[in-house]
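What follows is the residue order along each chain.
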Amino acid sequence: ALYANEQTVGNKSSQKIMRYLTQISNQIQSLSLNSMKINIDIDPSLNLSQKKVVPLGLIFSEFVMNSIKHADAEAILVIDCKVSVSEDSFELFLKDNGKTNFLQNKEEESILSSTGLGDRIISTLAKQIDLTIEKKFDNGYIMHLKPLTL
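Residues numbered from 1 in each chain as written. Predicted model: local features only at pLDDT ≥ 70, side-chain atom pairs only at ≥ 80, totals over all residues. Heavy atoms only, no water.

We now examine unusual backbone geometry. One non-glycine residue with positive phi stands out, namely Asp130, at about 60°. Tracing the sequence through the fold places Asp130 in the loop between α5 (117-128) and β7 (132-137). The class for Asp130 is exposed, based on a relative accessible area of 62%. The phi torsion at Asn139 lies on the positive side, around 55°, for a residue other than glycine. Its relative accessible area of 66% is what places Asn139 among the exposed residues. (Helix = DSSP H or I, 4+ residues; strand = E, 2+ residues; numbered from the N terminus. Buried < 20%, exposed > 50% of the residue type's maximum accessible area, 1.4 Å probe, protein only.)

This is the structure in structure tokens:
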């Protein structure tokens, strides 16, 4: 189902990233017991090669799963995913509304330098497609992945 919108352009296979991430989002939401809303802001016509789409989908999925894991069970989890496109690259922004009291129990520095399994998976996938990662807290957890050549 996730590859149903795959297109062949010349010898390269590409896929619409908006549709792909929406399908992943819908599948995660259907399996989760948490109340959540996932907002995806991407140009619906943006196509990327399969070499980039699959790792990006896995990064997105891992971010969402980590957000669910650390979410406040009493609140609605909100996750925002946005892609900002320039001439030959784009940046991926992922943000959740996180626990507001989470930082009271842990030091921000140690959380941002986390080496948990989810962070290691995201870092490994990002390196495979030449992305750098910036992480911070600002009313939730924010992950900014850049630059990526189209």
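Next, the rest of the story.
All right, on to the side chain of His144 then. Mapped onto the elements, His144 comes out in strand β8 (residues 141-149). A distance of 2.6 Å separates a polar atom in the side chain of His144 from a polar atom in the side chain of Glu91. Among all residues touching His144, those that are not within four sequence positions of it are Glu91, Leu92, Phe93, Thr132, Ile133 and Glu134. (Polar contact = N/O pair within 3.5 Å; in protein donor to acceptor, adjacent residues only side chain to side chain. Contact = heavy atoms within 4.5 Å.)

Within the structure shown, the criterion is met by 1 salt bridge. Among the ionic pairs, Lys146 bridges to Glu134, the shortest N-O distance being 2.9 Å. Pair noted here: Lys146 is in strand β8 and Glu134 is in strand β7, with a separation of 12 residues, a long-range link. When its relative accessible area of 24% is taken as the criterion, Lys146 is described as partly exposed. (Salt bridge = Lys/Arg side-chain N within 4 Å of Asp/Glu carboxyl O.)

Turning our eyes to something else, we now look at the nonpolar core. Of all hydrophobic cores here, the largest spans 35 residues; its most connected members are Ile17, Leu21, Phe60 and Leu94. At 7 residues, the largest contribution of residues to this core is made by helix α2 (residues 50-69). In contact with Phe60, other than residues within four places in its own chain, are Leu21, Ile24, Ser25, Ile38, Ile40, Cys81 and Leu94. (Core = buried A, V, L, I, M, F, W, Y, C linked by side-chain atoms within 4.5 Å.)

Here the focus is helix α1 (residues 17-31). Look at α1: 21 Å from first C-alpha to last across 15 residues, which is about the 21 Å you get at 1.5 Å a residue. Every buried residue belonging to α1 is among Ile17, Tyr20, Leu21, Ile24, Ser25 and Ile28, and all of these are buried. Summarising the axial view, the buried residues of α1 lie within an arc of 135°, below the 170-degree limit, and thus occupy one face. (Expected span 1.5 Å × (residues − 1). Arc of directions from axis to C-beta.)

We now examine the packing of aromatic side chains. Considering all chains together, one arrives at 2 aromatic pairs under this definition. For the pair Phe63 and Tyr141, a centre-to-centre distance of 6.0 Å together with 10° between the ring planes defines the contact as stacked. One end of the pair, Phe63, is in helix α2; the other, Tyr141, is in strand β8, and 78 residues separate them in sequence. Neither residue differs from the other here; Phe63 and Tyr141 are each classed as buried. Look at Phe137 and Tyr141: their rings are 5.4 Å apart centre to centre, the planes differ by 50°, and that puts the pair in the tilted class. Among the aromatic residues, those joined into a ring-pair cluster are Phe63, Phe137 and Tyr141. (Phe/Tyr/Trp six-rings, centres within 6.5 Å; stacked < 30°, edge-to-face > 60°.)

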